[in-house]
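Tertiary structure, described
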There are 2 protein chains.
Amino acid sequence: MANNAKIVKDFEAIVGAGNVMTQEVDLHAYSYDAAVLPSQTPSVAVRPTTEEQLAQVVRVCNEKGTPFAVRGAGTNLSGGTIPPKDGVVVLTGALNEILEINEEDLYAVCQPGVITAKFAAEVASRGLFYPPDPGSQAVSTLGGNVAENAGGLRGLKYGVTKDYLMGIDFFDLNGEMVTSGSRTVKCVTGYNLPGLMCSSEGTLGVFAKLIFKLVPPPRASQAMLAVYDDILNASRTVSAIIRNKIMPCTLEIMDNVTIRTVEGFRSAGLPTDAAALLLIEVDGHPAQVQDEAAMVQKICKEEGVRTIEMARDAAHKDRLWQARRDALPALANFRPTCILEDATVPRSQMSAMVDALRRIAKEYNISIGTFGHAGDGNLHPTITTDKRDKEEWKRVEAGIDAIFKEALSLGGTLSGEHGIGISKAKWMVDETSPATIEWCRGLKAALDPKGILNPGKMFWG
Amino acid sequence: MANNAKIVKDFEAIVGAGNVMTQEVDLHAYSYDAAVLPSQTPSVAVRPTTEEQLAQVVRVCNEKGTPFAVRGAGTNLSGGTIPPKDGVVVLTGALNEILEINEEDLYAVCQPGVITAKFAAEVASRGLFYPPDPGSQAVSTLGGNVAENAGGLRGLKYGVTKDYLMGIDFFDLNGEMVTSGSRTVKCVTGYNLPGLMCSSEGTLGVFAKLIFKLVPPPRASQAMLAVYDDILNASRTVSAIIRNKIMPCTLEIMDNVTIRTVEGFRSAGLPTDAAALLLIEVDGHPAQVQDEAAMVQKICKEEGVRTIEMARDAAHKDRLWQARRDALPALANFRPTCILEDATVPRSQMSAMVDALRRIAKEYNISIGTFGHAGDGNLHPTITTDKRDKEEWKRVEAGIDAIFKEALSLGGTLSGEHGIGISKAKWMVDETSPATIEWCRGLKAALDPKGILNPGKMFWG
């Protein structure tokens, strides 16, 4: 990159030398994210500590036509935060202030670098509730959550990040502030830019300030663990729960491969011979929780559950949930490479998808552990492999292709919550249409005429 | 319009002569909407009866560079459906099929011309619930609701149209299909175009098909009417209810001007000496409803309510609610011109806004009746006047200007649910920024390079 030295000097003048990184050891850390994709090393990483510095950094990149990407915690699972090669990485870690929690009007204003779990805990300490809980919440940032429209375990009842973003201020490519949405729960002043920014994968603007809706927390909850001898009975249970108009706050599934891997990772007394587990939690008014928990038990029994265990207290619940929290680390630990997919189907098609995943695992001779948000039809088929084994890797790639084809043929979508990024861009047209791709490219080109903001993502597959 | 005759022939070839209107008596009906603004008469109205015809109509307009606007029921309150002068009006009335109601996966697929209330009733007959209920729902269309991101009385607890639009297929300016969102509750495949289309006021694409989320209906509800001698006590009650973590499904206010006007319109036994009424409804699990209704009663008493009446049954509830439903017709009937505003403030600022409205009415010597969605801070200050009285009209215009200034200074927004359209475009920059206007103009220009799709709205004030 020819103007590397010059841009480093410019950045140093803006943020101070201590917040500009050019050494390989630093840059390597920002060259990849949580997706299994080739890394791309940037030439410089810059860490603005104020909103104004962020604007100036954007201006410098734009003036020089230097490609750049904004990075929160880099927990992205689709390559959305892999930076442009030799470009600039803008780190939001120092923009980590919760600026306001308004208890009367039920909203909060945050900088983009605030850690999700820290924010949720701060909100909870005020007696309020921020429901979105992506798996990476302990380290993920709110800015990243908005860019990806992050989901989590509570999507079925409480929705996802876009259901909570009331307003957003962001910088355009000239470093000018675009402001949208409001501190009011209703706002139709102009285009719904908070809506557009959610799942824009950092390609349309540089987030400066986020306004989130908060809600009152549920008064009570009841967690349950249901064990099945046949995974189809488990997925039929999921459909029956919804059909009975119960909306659990969590309705998760784990298949046998996942159960065994979790148990091997950290023994929790899981039944390794079970075909599937359902982790179910209902919440709300105490009387409603009691009624719904009883109905869920009844439904589980009708659908042929082996056993169902009710959490007696917080510690017991925590133990039941630990298995679910261990699912990804256990699978990731199992073999050198772990690919976590999130093809999603209408929930009535979950049995068909589960069946298809078994068929695909067999046909391509690959190992697929399946767990995920059953209530949303948002499964996480997780392939454990070793990328260095070229023959196996070819089968894995073909298997992933088959998974997406299956999800689409069942009326589903490529991605429930992980985004398109680099990894799924090539399938975009299969779910949408050539006109859709062109329309979105036109939109992007108008707002980023030089094509420098997180280029090569989503619509360039 | 030079190519009028040619375009009429083209349209006739597409939709048949019976679905093309060029007579003044027809065109006049489409020259205005529910906003108090000068009418603009189109040169032709065309009524496609299939999706394919709709695409062809768009193609013809685009090839000829003829400005056009899509119109549902024309209940828009900000001039968003006032067509381009001498342009084309595309009517969606014949695209009125509910294509699918999926009871297992809790979604519905509709054409844009489906009437909101008809859809809600059909959904209810299947034991499900579509919450958005704009005041005009008896005639408004779902396409119009999406274009405006329509709200209603249930916004506080259940959200607005954007919270239910899961997917949308729309035609770009070339008449090519852009498809987005999904039948799955989670979907992050590409930009969030369902989000962007909500409140785009028909300026970005021509809607073909809408996918809406449905939810289980509440099992029980309780409506109440609280009467106040001081409107500030009523607005303090609203804040106290939310502070106590109760989310009523409806929390409406009516001030004395509105009460008296409603009572004069159709006697319902309302206390005309009351300063304000609150109409409150809680819903959910029966035990929760009982608890919350008791808490609401207690809060009302603590905040100095005069009387509080609990609805005994459906008929009684209906009678209590009739007053609220009569508010707009009564005010509209009161004098020749009725301007219904929807400046919205954070709910904790509602007392301040109510105070300001009284001050503004006095200062400009205008009549303002205030009612609306108190729980959302979404008031409807309604000015009754006579536009032909030029002196009074000047005071009205100055008063409206003062209302918007006040709402913005209280951290609020120009429009909670009625949109910007023509009527509020000139204030856009006061709420946002010059860069915001430019950004949105850039977005619009990229997607509609000839500037023919519902031109002159939102960002051209």
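None of these values were measured; they are calculated from a predicted model.

Topic: the interface of chain A and chain B
- On the chain B side, the residues contacting the 85 residues of chain A number 85 residues.
- Regarding the contact of chain A and chain B, the summed buried area is about 6,600 Å², with carbon and sulfur atoms giving 63% of it.
- Together, A:Lys186, A:Tyr191 and A:Trp439 form the three largest contributors to the area buried by chain A at its contact with chain B, with a combined 16%.
- For the pair chain A and chain B, the interface holds 8 salt bridges.
- In this structure, the salt-bridge partner of A:Arg219 is B:Asp291, at a minimum N-O distance of 3.6 Å.
- At the junction of chain A with chain B, the criterion picks out 36 residue pairs in polar contact (both at pLDDT 80 or more).

Regarding empty space enclosed by the protein
- Evaluated as defined, the whole model comprises 7 cavities of 30 Å³ or more.
- Computed from the structure, the largest cavity encloses a volume of approximately 110 Å³.
- A:Lys162, A:Asp163, A:Leu165, A:Asn192, A:Pro194, A:Gly195, B:Lys162, B:Asp163, B:Leu165, B:Asn192, B:Pro194 and B:Gly195 together form the lining of the largest cavity.
- When grouped by side-chain class, the residues that make up the lining of the largest cavity number 4 nonpolar, 4 polar and 4 charged.
- Reported here for the second largest cavity is a volume of approximately 50 Å³.
- Lining the second largest cavity are A:Val345, A:Pro346, A:Arg347, A:Gly375, A:Asp376, B:Asp105, B:Met166, B:Arg183, B:Thr184 and B:Val185.
- Across the lining of the second largest cavity, the residue classes tally to 4 nonpolar, 2 polar and 4 charged.

Quick look at the nonpolar core
- Counting 182 residues, the largest nonpolar core has A:Phe119, A:Trp439, B:Phe119 and B:Trp439 as the members making the most contacts within it.
- Ignoring sequence-local partners within four residues, the contact set of A:Trp439 consists of B:Phe170, B:Asp172, B:Val178, B:Leu193, B:Leu196, B:Met197, B:Leu204 and B:Leu447.

Focus on the relation of the copies chain A and chain B
- Between chain A and chain B, which share one sequence, the superposing operator has a rotation angle of 180° and an axial displacement of 0.0 Å; the RMSD is 0.0 Å. On this basis, the relationship between the two copies can be described by a two-fold rotation axis. Measuring from the rotation axis to each C-alpha of chain A, the shortest distance belongs to A:Gly195, at 2.3 Å.
- Comparing contact sets, 100% of the residues at the interface of chain A also lie at the interface in chain B, consistent with an isologous, same-surface contact.

Some words on the environment of B:Pro42
Residues and elements named next belong to chain B.
- Within the element layout of this structure, Pro42 appears in the loop between α2 (24-29) and β2 (44-46).
- A C-alpha to C-alpha distance of 6.2 Å links Pro42 and Pro83, two positions 41 residues apart in sequence.
- Pro42 has contacts with Leu27, Tyr30, Ser31, Pro83, Pro84, Asp86, Gly87 and Val89, leaving out every residue within four places of it along the chain.

Some words on the domain arrangement of chain A
Residues and elements named next belong to chain A.
- The domain boundaries assigned to chain A delineate domain 1 (4-91), domain 2 (98-213), domain 3 (220-409) and domain 4 (424-461).
- Taking only C-alpha atoms into account, the centre of domain 2 sits 28 Å from that of domain 3.
- Facing the 7 residues of domain 2 at the interface are 16 residues of domain 3.
- Summed over both partners, the interface of domain 2 with domain 3 comes to about 830 Å²; 56% of that surface belongs to carbon and sulfur atoms.
- Broken down residue by residue, the surface that domain 2 buries against domain 3 is led by Leu153, Leu156 and Lys157, which jointly contribute 79%.
- Remark: the boundary between domain 2 and domain 3 carries 1 salt bridge.
- One salt bridge in this structure joins Asp283 and Lys157, with 2.6 Å as the shortest N-O distance.

Structural notes on the sheet that holds strand β13 (residues 307-310) of chain B
All names here are of chain B.
- Spatially, β13-β10-β12-β11-β15-β16-β14 is the arrangement adopted by the 7 strands of the open sheet, whose pairing is antiparallel. The open sheet terminates on both sides in strands that have one partner only, identified here as β13 and β14 (337-340). The average undirected angle you get between the axes of adjacent strands in this sheet is 15°.
- Bridge count between strand β10 (residues 220-228) and β13: 4 bridges; the pairing is antiparallel. Within β13, the position partnered with Ala226 by the bridge is Ile308.
- Contacts between helix α13 (residues 390-409) and the sheet are confined to β14, β15 (367-373) and β16 (378-385), with β16 contributing the most and set at about 170° to the helix.

With respect to the pairing of strand β7 (residues 165-171) of chain B
All names here are of chain B.
- With respect to burial, β7 is a largely interior element, 7 of its 7 residues being buried.
- The pairing of β7 with strand β9 (residues 206-213) spans 6 bridges and is antiparallel. Paired with Phe171 across the two strands is Val206, which belongs to β9.
- The antiparallel hairpin formed by β7 and strand β8 (residues 177-181) contains 5 residues in its connecting segment, where Gly175 sits at a positive phi of about 75°.

What counts, and at which threshold
- Residues numbered from 1 in each chain as written.
- Chains lettered and ligands numbered in written order.
- Predicted model: local features only at pLDDT ≥ 70, side-chain atom pairs only at ≥ 80, totals over all residues.
- Heavy atoms only, no water.
- Contact = heavy atoms within 4.5 Å.
- Buried area = accessible area lost by both parts, 1.4 Å probe.
- Salt bridge = Lys/Arg side-chain N within 4 Å of Asp/Glu carboxyl O.
- Polar contact = N/O pair within 3.5 Å; in protein donor to acceptor, adjacent residues only side chain to side chain.
- 1 Å grid on protein atoms, 1.4 Å probe; cavity = no way out; pocket = protein on both sides within 12 Å on 5 of 7 lines; lining within 4 Å.
- Points joined across faces, edges and corners; volume = space filled by probe spheres on them.
- Nonpolar A, V, L, I, M, F, W, Y, C, P; charged D, E, K, R; others polar.
- Core = buried A, V, L, I, M, F, W, Y, C linked by side-chain atoms within 4.5 Å.
- Buried < 20%, exposed > 50% of the residue type's maximum accessible area, 1.4 Å probe, protein only.
- Least-squares fit on C-alpha atoms with pLDDT ≥ 70 in both.
- Helix = DSSP H or I, 4+ residues; strand = E, 2+ residues; numbered from the N terminus.
- Domains from an automatic or database assignment.
- Pairing = 2+ DSSP bridges.
- Axes fitted to C-alpha atoms, helices over the stretch in contact; angles between N-to-C directions.

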